[in-house]
Amino acid sequence: MRASSETKNITFNLQHNFKLKEKTVTDMQCIFGVAKTDYYAVYSFKKNTETHLNGSNHLHIYFVSLIEDELEPFYWNNKGRNAIHAALNKPRNSHQAKNAILFLGDGMGMPTVTAARILKGQLEGVSGEESSLAMDSFPHLALSKTYNVDQQMPDSAGTATAYQCGVKANYGTLGVSAATPRYDCQASHGNEVISVLHRAKAAGKSVGIVTTTRVQHASPAAAYAHVASRDWYSDADLPNEAVKNECRDIAYQLVYNTEINVILGGGRTYMFPTTVEDPEYLNKTGVRKDGKNLVDEWLKNKPNAKYVWNKADFDAINPATTDFLMGLFEPKDCRYELDRDPSMDPSLTEMTEKAIKILSKNPKGFFLFVEGGRIDHGHHATMAKKALHEAVQFDRTIERTADLVSDLDTLTIVTADHSHVFAFGGYSPRGNPVLGIADTKATDNKHFTTAVYGNGPGYKIANGSRPDVNESISTDNNYVQQTAVPLDSETHGIEDVAIFAKGPMSHLFDGVQEQSYIAHVMAYALCIEPYVDCQLPEGSHAVASHPSLLLLLISLLLLPFYSI
């Protein structure tokens, strides 16, 4: 039986002793039953910020609807038994993968995964802790070591080179080995490394990239570009040394390096010359100095190719009659999900669905890179609400994708490039809003949010004091979380990140691995370079092995004995 839950927030003005079950409440927290219902309320006394000056107390009650079984050992014993059965019968598909999808949550460390899980549940009307993300259902997990060759704290370029190309690189460099120092164009020549996307295309598969950032941003760019600096978006960004040594900008390489079937995200401004006005923002133009219209260049000599920049044209694209699609919906990065205009810009889920429907027409299969890129940007701004809503939308995209592909022939991987100094903790009752405040006050007698950052622009100490906060403030779309150390932009974290995997050869993800291992598993499962001799059997009807069904039978027979 599945526990259902519901969260309600009710405020009572305390003007007399509050009694429950004939007992005066004196504890800071307790759980009590509500007659003739299956609700349990977790409550706490708090000073309400709006009424702090007159000192009035409020009782905040979070009603969490639970099945009664959750209070009994039987419930947890049964969950444990079912989990053991699932582990013993975990499927192992040792066939060759026809398709591979790499989902990259930029900056999605484990605190972000946990907070997004609870937020997703709360957005669906439950308390959240017991909820599951789509990625939680993936049977195989590992940890990824994220450091760059020259830096303990990684960036999205060096990490992207690792998981896209299978070779660790220096901080800030894309698609080149660590023999290339950042900003050194000349050193990049001869040190290029090749992505799984490029190798999949060479093997006859269709390929695509989908992102909520600009398509020239670090994470997607490692799939097709080779540059000594991730900042060389257009030719206007190239330094004199790069021009002298004939290095090309990232947007140029997007068009000329690899023939990519589907390109969806932001980044219009880098594709057009300064003489071309943006179609949506008439005060903006392209930034290219070479006069090239790279969208027109990309469309040349491609059958059934389309370019779109708005939702209406995007919706009009028929995947059955489209073999190449470029959609650039903003001059730079796409808008945050909380700010997105659904009449103008498609969601990450919509872009991914369109991409899969176009790519899956290829009988040889496809490779698709999908990035929830603005998780990272929300964290850098210490705007936890924006970061976590991006993560929820990212997981909804993973969930929708499961309806469009088969685990029998599609290797699906979900991971992050790095973490952030985002923390999620503090005393809080079951069902406490993820973006709410802790149940106790700090030693300065002020409230604090359960979502905080170690550093960043949210540092607010003035005259030795920080501002108080309540939930009406902390749940604002643009609220900036308080931080311990003042920085203009919050930093990445250094710790390992998770790898979730399912489908053919996904069992190879196990233990603690170098981040570059991800690209090698994808190439091996697809039997592309350098693993064309992988000797994996073909066929999309792989049979999962089930070591034992005996435990399930025994469990059912012994069920009555574990109910006490």
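The following paragraphs examine the structure supplied in this document.

Calculation criteria
- Sequence positions are assigned chain by chain, starting from 1 and proceeding in written order.
- Whole-chain, interface and lining totals are the exception, using all residues; otherwise, since this is a predicted model, local features are given only for residues with pLDDT of at least 70 and side-chain atom pairs are given and counted only at 80 or more.
- Derived side-chain values reflect all non-hydrogen atoms in the structure, with water molecules and hydrogen atoms excluded from consideration.
- Numbering goes from the N terminus for both helices and strands, where a helix is a DSSP run of H or I of at least four residues and a strand is a run of E of at least two.
- Grouping buried Ala, Val, Leu, Ile, Met, Phe, Trp, Tyr and Cys residues that are joined through side-chain atoms within 4.5 Å yields what is termed a nonpolar core.
- For every residue, the accessible area obtained with a 1.4 Å probe (protein chains only) is divided by the maximum for its type, and the residue is called buried under 20%, exposed over 50%, and partly exposed between those limits.
- The contact criterion used throughout is that any non-hydrogen atoms of two residues lie within 4.5 Å.
- Simply put, an axis is a line fit to the C-alpha atoms, just over the touching stretch for a helix, and the angle between two N-to-C directions goes from 0 to 180 degrees.
- Each angle receives one of four descriptions, namely roughly parallel if under 35 degrees, roughly antiparallel if over 145, roughly perpendicular if within 65 to 115, and oblique otherwise.
- By the definition used in this description, the sense in which the near helix is turned from the far one sets the handedness, with an anticlockwise turn below a right angle giving left-handed and a clockwise turn giving right-handed.
- Residue classes follow a fixed rule: Ala, Val, Leu, Ile, Met, Phe, Trp, Tyr, Cys and Pro count as nonpolar, while Asp, Glu, Lys and Arg count as charged, and any other residue, Gly among them, counts as polar.
- The rule for a disulfide is simple: a pair of cysteine sulfur atoms within 2.5 Å.
- Here a polar contact is taken to be a pair of N or O atoms separated by no more than 3.5 Å, where protein atoms must pair a possible hydrogen donor with a possible acceptor and residues adjacent in sequence count only if both atoms sit in side chains.

With that settled, consider unusual backbone geometry. Only a minority of non-glycine residues have a phi that is not negative, and only a minority of peptide bonds are not trans. The linkage connecting E529 with the following residue, P530, adopts the cis geometry, with an omega of 0°. Along the chain, P530 falls in the loop between α15 (517-526) and α16 (550-558). A positive phi angle, near 60°, is found at E246, a position not held by glycine. Structurally, E246 is set in the loop between α7 (240-244) and α8 (250-256). A positive phi is found at C527, a non-glycine position, where the angle reads about 55°. Looking at the secondary structure, you find C527 in the loop between α15 and α16.

For the rest of this paragraph, the subject is the nonpolar core. Side chains of nonpolar character tend, in soluble globular proteins, to be buried together. Residues I209, Y224, M271, F367 and I413 are the most contacted members of the largest nonpolar core, which totals 64 residues. Contact partners of Y224, with chain neighbours within four places excluded, come to I209, V215, Q216, I250, Q253, L254, N257, T258 and I260. Residues V210, L368, V392 and V414 belong to the second largest nonpolar core, which totals 47 residues.

Across the interface, helix α3 (residues 156-165) lies against α15 with an axial gap of 5 Å and an inter-helix angle of 25°. Comparing their axes, α15 and α3 come out roughly parallel. Crossing hand, α3 versus α15: right-handed. In this structure, α3 contributes A162, Y163, Q164 and C165 to the contact, and α15 contributes I518, A519 and M522. Along the lines of polarity and charge, the residues of the contact of α3 with α15 split into six nonpolar, one polar and no charged.

Relative orientation and spacing of two packed helices are given, respectively, by the angle between their axes and the distance between those axes. Where helix α2 (residues 110-123) contacts helix α13 (residues 384-401), the two axes come as close as 9 Å, and the packing angle between them is 80°. Put simply, α2 runs roughly perpendicular to α13. Only L388, H389, A391, V392, D395, R396 and E399 of α13 make contact with α2, whose side of the interface consists of T112, A115, A116, L119, K120 and L123. The class makeup of the residues in the contact of α2 with α13 is seven nonpolar, two polar and four charged.

This model, assessed by the stated rule, comprises two disulfides. Between the sulfur of C185 and that of C247 lies a disulfide, 1.9 Å long from S to S. Here C185 and C247 share a disulfide; its torsion about the S-S bond, 100°, makes the bridge right-handed. With C185 in helix α4 (residues 185-188) and C247 in the loop between α7 and α8, the pair connects residues that are 62 residues apart, well separated along the chain. This pair shows no difference in class: C185 is buried, exactly as C247 is.

Looking at where N257 falls in the secondary structure, it is placed in the loop between α8 and β10 (262-266). Its relative accessible area of 32% is what places N257 among the partly exposed residues. In sequence terms N257 and H226 are 31 residues apart; their C-alpha atoms lie 9.3 Å from each other. Setting aside residues up to four positions removed in sequence, N257 forms contacts with H198, Y224, A225 and H226. Engagement of the side chain of N257 in a polar contact is seen with the backbone oxygen of Y224, the distance being 2.9 Å. A polar contact of 2.8 Å, which involves the side chain of N257, links it to the side chain of Q253.

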